[in-house]
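Residues per chain are reported as follows:
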Amino acid sequence: MGVMEDWVSGSGSLVDSWRHRSGIVRCMRYLHGPAAQADIVDDGDKYNMEEAMNPPLALIAGAAATYASANMGLRRAVPSLLTRPLVLQLAACAPAGFLIVLGGLSSCHSLLLVLARPRGGAADGAGDAASPLGRELRARCGDALLPPSAR
């Protein structure tokens, strides 16, 4: 299934991340707060968390292209905005900001799925036991971590 089919059917990871945005934010706050203070995050998980917090270059380039196209489109479509440059800039930033938020949300959702799965790599839990962090994430995040087929 292609990206557009995923988007339309609602089974894509971006749509799934958007549906669970409040749970994802809650779990990320837990990871950076109480979990870090309780020292249940091991070095490998810390590295994965740091990597997830750095946006990929493609996301930044996409946001820049979105901003540039929105700016040019608004200049042509609404010439009265040329006399109000601040309003034009704010209106042009909105689509790029949404793209960055959605990309970061998807990245955090992927991180949570990786951290919560059992260490043996089996998605059904038949592998090795989960880490203390994985158990805690499953207990706190619940529905945001379930694969679409398990809902």
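None of the values given here were measured: they were computed from a predicted structure.

Asks: Explain helix α3 (residues 21-32) to me, please; I cannot follow it from the model alone.
Replies: At 3.6 residues per turn, the α-helix brings residues three or four places apart onto the same side. Spanning 12 residues, α3 covers 17 Å between terminal C-alpha atoms, matching the ideal 16 Å at 1.5 Å per step. Every buried residue of α3 is accounted for by Gly-23, Ile-24, Cys-27, Met-28, Tyr-30 and Leu-31. Projected down its long axis, α3 shows its buried positions confined to an angular sector of 155 degrees, all on one face. Among the exposed residues of α3, those oriented more than 90 degrees off its buried face are Ser-22 and Arg-29. Check the buried side of α3 and you find it contacts α2 (13-19), α4 (34-37), α5 (43-53), α7 (85-116) and α8 (132-141).

Asks: Just checking my understanding: could you explain unusual backbone geometry for this structure?
Replies: Excluding glycine, a negative phi dihedral is what most residues carry, and trans is how most peptide bonds are arranged. The backbone of Asp-39 shows a phi angle near 60 degrees, a positive value even though the residue is not glycine. Along the chain, the position of Asp-39 falls in the loop between α4 and α5.

Asks: Just checking my understanding: could you explain the confidence of the model for the chain for this structure?
Replies: When pLDDT is averaged along the chain, the result is 81; 78% of the residues meet or exceed 70. Between the elements of the chain, mean pLDDT differs from a low of 43, seen in helix α1 (residues 3-9), to a high of 96, seen in helix α6 (residues 57-77). Every residue in residues 1-11 is under pLDDT 50, and counting partners more than four places away or in other chains gives 10 contacts.

Asks: Even after reading the chapter, I still don't get the environment of Leu-31, so can you show me in this structure?
Replies: Inspection of the secondary structure assignment puts Leu-31 in helix α3. The sequence separation of Leu-31 and Val-41 amounts to 10 residues, and the corresponding C-alpha distance is 8.0 Å. With near-sequence residues (within four places) excluded, Leu-31 lies in contact with Ala-36, Met-49, Leu-111, Leu-112, Leu-115, Leu-133 and Leu-137.

Asks: Even after reading the chapter, I still don't get the nonpolar core, so can you show me in this structure?
Replies: In globular proteins that are soluble, nonpolar side chains generally tend to be buried together. Met-28, Leu-31, Leu-111, Leu-112, Leu-115, Leu-133 and Leu-137 are the most contacted members of the largest nonpolar core, which totals 18 residues. When residues no more than four places from it in sequence are discounted, the contact partners of Leu-115 are Leu-31, Asp-45, Asn-48, Met-49, Ser-131, Leu-133, Gly-134 and Leu-137.

Asks: Got a minute to help me understand the state of the cysteines in this structure?
Replies: Disulfide: a covalent bond connecting the sulfur atoms of a pair of cysteines. The final tally for this structure, using the stated rule, is 1 disulfide. Two residues share a disulfide in this structure: Cys-27 and Cys-141, whose sulfurs sit 1.5 Å from each other. Here Cys-141 lies in helix α8 and Cys-27 lies in helix α3, a separation of 114 residues in the sequence. Neither residue differs from the other here; Cys-27 and Cys-141 are each classed as buried.

Asks: Help me understand the packing of aromatic side chains, please; the structure alone is not making it clear to me.
Replies: For any pair of aromatic rings, the description rests on two quantities: the centre-to-centre distance and the angle between the ring planes. Scanning all chains against the criterion turns up 1 aromatic pair. Ring plane angle 65 degrees and centroid distance 5.6 Å describe the contact between Trp-18 and Phe-98, whose orientation is recorded as edge-to-face. Separated by 80 residues along the polypeptide, Trp-18 in helix α2 and Phe-98 in helix α7 bring together distant segments of the chain. Owing to a relative accessible area of 44%, Phe-98 belongs among the partly exposed residues under this scheme.

How each quantity is defined
Residues numbered from 1 in each chain as written. Predicted model: local features only at pLDDT ≥ 70, side-chain atom pairs only at ≥ 80, totals over all residues. Heavy atoms only, no water. Helix = DSSP H or I, 4+ residues; strand = E, 2+ residues; numbered from the N terminus. Expected span 1.5 Å × (residues − 1). Buried < 20%, exposed > 50% of the residue type's maximum accessible area, 1.4 Å probe, protein only. Arc of directions from axis to C-beta. Contact = heavy atoms within 4.5 Å. pLDDT = per-residue confidence, 0-100. Core = buried A, V, L, I, M, F, W, Y, C linked by side-chain atoms within 4.5 Å. Disulfide = S-S within 2.5 Å. Phe/Tyr/Trp six-rings, centres within 6.5 Å; stacked < 30°, edge-to-face > 60°.

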